[in-house]
Amino acid sequence: MALTPPWQREIENFVGIKSAFIIEGNVHDRYPFYESEAPGTAPAFLELEELLPRLFERGAARRRAPQGMATPNAPAASAPAAAMSSAPVSAAASA
């Protein structure tokens, strides 16, 4: 069972896809933020201005991580992009 509230998961999932988020309602409340989805994890209760950057960071890290990797430490460039950047420029293209 997921501990993170559904609206927080939606923000994490749409980081990098949606260019704007509209947040309405109880914007001055404190919201639970779980560092881990492990059972028994106690949440930190954060104000929205503290919570949103953490959700955006976690969502961006998930988008950078290749599928199946446990950590968000993806290489800076993929192999095809690196191969293309080292290809010699032809004379016709440089003229």
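To be clear, the structure that these remarks concern was listed above.
Residues numbered from 1 in each chain as written. Predicted model: local features only at pLDDT ≥ 70, side-chain atom pairs only at ≥ 80, totals over all residues. Heavy atoms only, no water.

## Looking at the environment of Pro-39
Cut-off, in case you're wondering: Here a strand is any run of E in DSSP of at least two residues, a helix any run of H or I of at least four, and the numbering for each starts at the N terminus. Whether a residue is buried, partly exposed or exposed follows from its accessible area with a 1.4 Å probe, protein chains only, as a fraction of its type maximum: under 20%, in between, or over 50%, in that order.
By secondary structure assignment, the location of Pro-39 is in the loop between strand S1 (30–33) and strand S2 (44–47). When its relative accessible area of 81% is taken as the criterion, Pro-39 is described as exposed. Linking Pro-39 and Ala-2, residues 37 residues apart in sequence, is a C-alpha distance of 9.0 Å.

## Notes on the packing of aromatic side chains
Worth spelling out the cut-off: Put simply, two rings from Phe, Tyr or Trp (the six-membered ring, in Trp's case) pair if the centres are within 6.5 Å, and we call them stacked under 30 degrees between planes, edge-to-face over 60, tilted for the rest. The rule for a charge over a ring is simple: NZ of Lys or CZ of Arg within 6 Å of the ring centre, and within 35 degrees of the ring normal.
Applying the stated rule across the entire model yields 2 aromatic pairs. For the cation-ring pair, Lys-18 lies above Phe-14, with the distance from its terminal atom to the ring centre recorded as 5.3 Å.

## With respect to helix H1 (residues 6–14)
Short version of the rule: In this description, one arc is meant: the one made by directions from the helix axis to the C-beta atoms. In what follows, residue pairs with any heavy atoms lying within 4.5 Å of each other are defined as contacts.
Along H1, the positions that sit buried rather than exposed are Gln-8, Ile-11 and Glu-12. Buried residues along H1 cover an arc of 100° about the axis, so they all sit on one side. On its buried face, H1 is in contact with S1 and helix H2 (48–64). Just downstream of H1 lies Gly-16, where phi reads positive at about 90°.

## Side note on the packing of H1 against H2
Convention followed: Whenever a helix is involved, its axis is fitted only over the stretch in contact; in every case the axis is a line through C-alpha atoms, and angles between N-to-C directions fall within 0 to 180 degrees. When an angle is under 35 degrees it counts as roughly parallel; over 145 it counts as roughly antiparallel; between 65 and 115 it counts as roughly perpendicular; any other value is oblique. The hand of a helix crossing depends on one turn: near helix anticlockwise from the far one by less than a right angle means left-handed, and clockwise means right-handed.
In the contact formed by H1 and H2, the axes pass within 7 Å of each other and the chain directions differ by 50°. One way to sum up the angle between H1 and H2 is to call them oblique. Viewed along their axes, H1 and H2 form a crossing whose handedness is right-handed. In this structure, H1 contributes Trp-7, Gln-8, Ile-11, Glu-12 and Asn-13 to the contact, and H2 contributes Leu-48, Leu-51, Leu-52, Leu-55, Phe-56, Arg-58, Gly-59, Arg-62 and Arg-63.

## Let's talk about H2
Worth spelling out the cut-off: Multiplying 1.5 Å by the residue count of a helix minus one yields the expected span of that helix.
The end-to-end C-alpha separation of H2 is 24 Å, in line with the 24 Å expected for 17 residues at 1.5 Å each. Inspection of H2 places Leu-48, Leu-51, Leu-52, Leu-55, Arg-58, Gly-59 and Ala-61 among the buried residues, and these make up the whole buried set. Where H2 is buried, its residues touch H1, S1 and S2.

So far we have only geometry, and geometry alone does not tell us how the molecule works.
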